[in-house]
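Given next are the chains, with one letter for each unit.
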Amino acid sequence: MLQIATASHSLLEERSPSARDIRHRVLARNAVLFWQDERQPQAIEIVEGTVRAARLWSDGSRQILAFFWPGDIIQAAALQRYTAEAVTRCVLRPRSHEEAGALEPSGTDQALQASICLLAATGKKSATSRMAWFLLQIYEHLPQDPRRAEALRFTIPRNDVADYLGMSMETACRTLAAFRARGLIDLPTRKTICYRDMAQLARVAQSPKWEDAEA
């Protein structure tokens, strides 16, 4: 049975209406799946929702290393080097070693690989390029907004976006506002997004400066 630790947020033990497997469990938003430096004996599949992998430092700060999405499997580890938290309400299912795949990397290795990809993609780029890259990365994972035909639910909080991309929340919000003003995206509400110009977003993501992308 999946062991899920919680802090101040409660873990809902009832089955999800969409979960047919009796082993499915629901993790409330912001609840902890497992703690940094904790043994995680079983692989965990994310059926619904989003999980963040965050490294916590002694000064109280954190660094988000990766996001896990529906269909992802967080592999078991003798010692996880990050804390896994539910960004949204999550439905989870434990997986056996045979189901998860014996050759898959451990959960810690998964987060490390994701961090290396992030560094390689954004390390020397401006805030605008990093944000454009991030929006392109999450596009396929965002669920449809039930109230707006063209909108997707922006499930990642602004402070998580800023932490992941290594910028202040003010810079993250200002960059999103600039993208909206230029017609690259629309933000009908704080929790929804419409992609208006994917080609231009891709150009911005590849450019070290906004002006270069605009040229």
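A quick note: this is a predicted structure, and the numbers were derived from the prediction, not measured.

A. Looking closely at the overall build of the protein chain. The number of helices and strands found in the protein chain is seven helices and 11 strands. Within the span of the protein chain, comprising 215 residues, buried residues form 48% of the whole. A separation of at least 24 residues holds for 68% of the contacts in the protein chain among residues at least 6 apart in sequence. When the accessible surface of the protein chain is totalled, it reaches about 11,200 Å², and 51% of it is carbon and sulfur.

B. How the structure looks around the packing of helix H3 (residues 127-138) against helix H5 (residues 169-181). In contact at an axis separation of 10 Å, H3 and H5 are set at 75° when each is read in the N-to-C sense. Classified by the interaxial angle, the pair formed by H3 and H5 is roughly perpendicular. Residues Ala 127, Thr 128, Met 131, Ala 132 and Leu 135 of H3 lie in contact with H5, whose contacting residues are Thr 171, Ala 172, Thr 175, Leu 176 and Phe 179. Across the contact of H3 with H5, the residue classes tally to seven nonpolar, three polar and no charged.

C. Spotlight on the pattern of salt bridges. All chains considered together, the criterion is met by 12 salt bridges. With a shortest N-O distance of 2.9 Å, Glu 85 and Arg 52 are connected by a salt bridge. One end of the pair, Glu 85, is in strand S7 (residues 83-86); the other, Arg 52, is in strand S4 (residues 51-56), with 33 residues separating them in the sequence. The same class applies to Glu 85 and to Arg 52, which are both buried. It is possible to trace a salt-bridge network through shared partners that takes in Arg 52, Arg 62, Glu 85, Asp 160 and Asp 163.

D. Representation of the environment of Gln 42. Structurally, Gln 42 can be placed in the loop between strand S2 (32-34) and strand S3 (43-48). Here Gln 42 falls in the partly exposed class, since its relative accessible area comes to 26%. A sequence separation of 32 residues divides Gln 42 from Ile 74, and the C-alpha atoms of the two residues are 8.8 Å apart.

E. A look at the packing of aromatic side chains. Counting across every chain of the model gives seven aromatic pairs. Geometrically, the ring pair formed by Phe 67 and Trp 69 is tilted, given 6.3 Å between the ring centres and 45° between the ring planes. Per residue, the accessibility class of Phe 67 equals that of Trp 69, and both read buried. Ring centres of Phe 67 and Tyr 164 lie 5.2 Å apart, and the angle between their planes is 65°; this geometry places the pair in the edge-to-face category.

F. Representation of the side chain of Thr 175 within the structure. Residue position: Thr 175 is located in helix H5. Thr 175 gets classed as buried once you look at its relative accessible area, which sits at 6%. In contact with Thr 175, other than residues within four places in its own chain, are Ala 127, Thr 128 and Met 131.

G. Region of interest: the pairing of S7. Residues Thr 83 and Glu 85 line one face of S7 and the alternating positions Ala 84 and Ala 86 line the opposite face, and both faces are buried. With two bridges joining them, S2 and S7 adopt antiparallel strand pairing. Within S7, the position partnered with Phe 34 by the bridge is Ala 84. Pairing between S4 and S7: four bridges, direction antiparallel.

H. Structural view of H3. When the terminal C-alpha atoms of H3 are compared, their 17 Å separation across 12 residues agrees well with the 16 Å that a helix rising 1.5 Å per residue should span. H3 sits mainly inside the fold: 10 of its 12 residues count as buried. Every buried residue belonging to H3 is among Ala 127, Thr 128, Ser 129, Arg 130, Met 131, Ala 132, Trp 133, Phe 134, Leu 135 and Ile 138, and all of these are buried.

I. Structural detail: the confidence of the model for the protein chain. Averaged over every residue, the pLDDT of the protein chain is 81; the share at 70 or more is 74%. Considering only residues more than four positions removed or in separate chains, one finds that residues 1-19, a stretch of pLDDT under 50, has 43 contacts. Of the regions scoring below 50 in pLDDT, residues 211-215 engages in seven contacts with residues more than four places distant in sequence or in other chains.

Cut-offs applied
- Residues numbered from 1 in each chain as written.
- Predicted model: local features only at pLDDT ≥ 70, side-chain atom pairs only at ≥ 80, totals over all residues.
- Heavy atoms only, no water.
- Helix = DSSP H or I, 4+ residues; strand = E, 2+ residues; numbered from the N terminus.
- Buried < 20%, exposed > 50% of the residue type's maximum accessible area, 1.4 Å probe, protein only.
- Contact = heavy atoms within 4.5 Å.
- Areas by Shrake-Rupley, 256 points an atom, 1.4 Å probe, with all protein chains shown as cover.
- Axes fitted to C-alpha atoms, helices over the stretch in contact; angles between N-to-C directions.
- Parallel < 35°, antiparallel > 145°, perpendicular 65-115°, else oblique.
- Nonpolar A, V, L, I, M, F, W, Y, C, P; charged D, E, K, R; others polar.
- Salt bridge = Lys/Arg side-chain N within 4 Å of Asp/Glu carboxyl O.
- Phe/Tyr/Trp six-rings, centres within 6.5 Å; stacked < 30°, edge-to-face > 60°.
- Pairing = 2+ DSSP bridges.
- Expected span 1.5 Å × (residues − 1).
- pLDDT = per-residue confidence, 0-100.

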